[in-house]
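Chain by chain, the residues:
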Amino acid sequence: MNHASRFQKYLLLPLTVILMFGVLGSNSQTSSTGTMKGNDGKVYKTVKIGNQVWMAENLRETRYRDGSAIPVVTDAKQWTKLTTGARCAHYNKESNYAVYGYLYNWHAVNDRRNITPPGWRVPTDTDWATLENCLI
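Every residue gets a number counted from 1 within its own chain, in the order that chain's sequence is written. Local features are withheld for residues below a pLDDT of 70 in this predicted model, meaning they are given only at 70 or higher, and side-chain atom pairs are given and counted only at 80 or more; totals for whole chains, interfaces and linings count all residues. No hydrogens and no water enter the side-chain calculation; it runs on all heavy atoms of the structure.

Peer 1: How do you make sense of the overall build of the protein chain when you look at a structure like this?
Peer 2: Note on conventions: DSSP H or I runs of at least 4 residues are helices, E runs of at least 2 residues are strands, and numbering of each starts at the N terminus. In terms of helices and strands, the protein chain carries 5 helices and 7 strands. Shown N-terminal to C-terminal, the secondary structure of the protein chain runs as helices and strands in the order α-β-β-β-β-β-α-β-α-β-α-α. Taking as baseline every contact in the protein chain between residues at least 6 positions apart, the subset at least 24 positions apart corresponds to 57%. Summed over its atoms, the accessible surface of the protein chain is roughly 7,900 Å², and 53% of this surface lies on carbon and sulfur atoms. Note on contacts: a residue pair is in contact if any heavy atoms of the two residues lie within 4.5 Å. Each accessible area is a Shrake-Rupley result for a 1.4 Å probe, and residues are judged covered by the shown protein chains and nothing else.

What follows is the structure in structure tokens.
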């Protein structure tokens, strides 16, 4: 089963603490912190690990990069039948989004409108391996 198929099987995908990243040109192994701005204008903390910059907090975006809304779907039966992007709050409690971010289905993550802010992307298996090798 390929990487995308595994994610499609599990439709609830939290975009966790280090899900999206941008790669810097530097080969420095020092860690540093910074910030980046999301599609909604929210400011997120970032951390540089090796030559990669990763988000240091969970994604809380309600819009794709082109400004299109990511619909909220709270019904579990409807969620499992979706063929388009959607989001919801942890336990469907909107107040949880500030702590946990939103949960997105694979369709939202893989949408051509791009859930990631400009200059950022969902990491590949190679990106994860690079991070793993840096932390060993």
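Having seen the model, we can carry on.
Peer 1: Explain the pairing of strand β5 (residues 52-55) to me, please; I cannot follow it from the model alone.
Peer 2: For a regular strand, the rule is simple: side chains alternate between the two faces of the sheet. Burial of β5 is two-sided: the residues Q52 and W54 facing one way and the residues V53 and M55 facing the other way are all buried. Note on pairing: two strands pair once DSSP finds at least 2 bridges between them. Both strand β4 (residues 43-49) and β5 contribute to a ladder of 4 bridges, which runs antiparallel. When the sheet's bridge partners are listed, T46 is paired in β5 with M55. Where β4 folds back onto β5 in an antiparallel hairpin, the turn is made up of 2 residues, including G50, whose phi is positive at roughly 65 degrees. Each residue's exposure class comes from its accessible area (1.4 Å probe, protein chains only) as a fraction of the maximum for that residue type: buried when under 20%, exposed when over 50%, partly exposed otherwise.

Peer 1: Is there a simple way to explain the pattern of salt bridges in this structure?
Peer 2: Side chains bearing opposite charge may pair, as long as their charged atoms lie close to each other. Basic side-chain nitrogens of Lys or Arg form a salt bridge, by our definition, when they fall within 4 Å of a carboxyl oxygen of Asp or Glu. Counted by the stated rule, this structure contains 4 salt bridges. Ionic pairing is found between R60 and E57, a salt bridge with its closest N-O pair at 3.0 Å. Salt-bridge contacts for R113 lead to D111; the nearest nitrogen and oxygen are separated by 2.9 Å. The partly exposed category is assigned to R113, whose relative accessible area is 27%.

Peer 1: Just to check I follow, could you spell out the pairing of strand β3 (residues 32-37) for this structure?
Peer 2: In this structure, β3 lies alongside β4, joined through 6 bridges in antiparallel fashion. Note that in β4 the partner of T35 across the bridge is K45. Here β3 folds back onto β4, and the loop between the two strands holds 5 residues, one of which, G41, carries a positive phi near 90 degrees.

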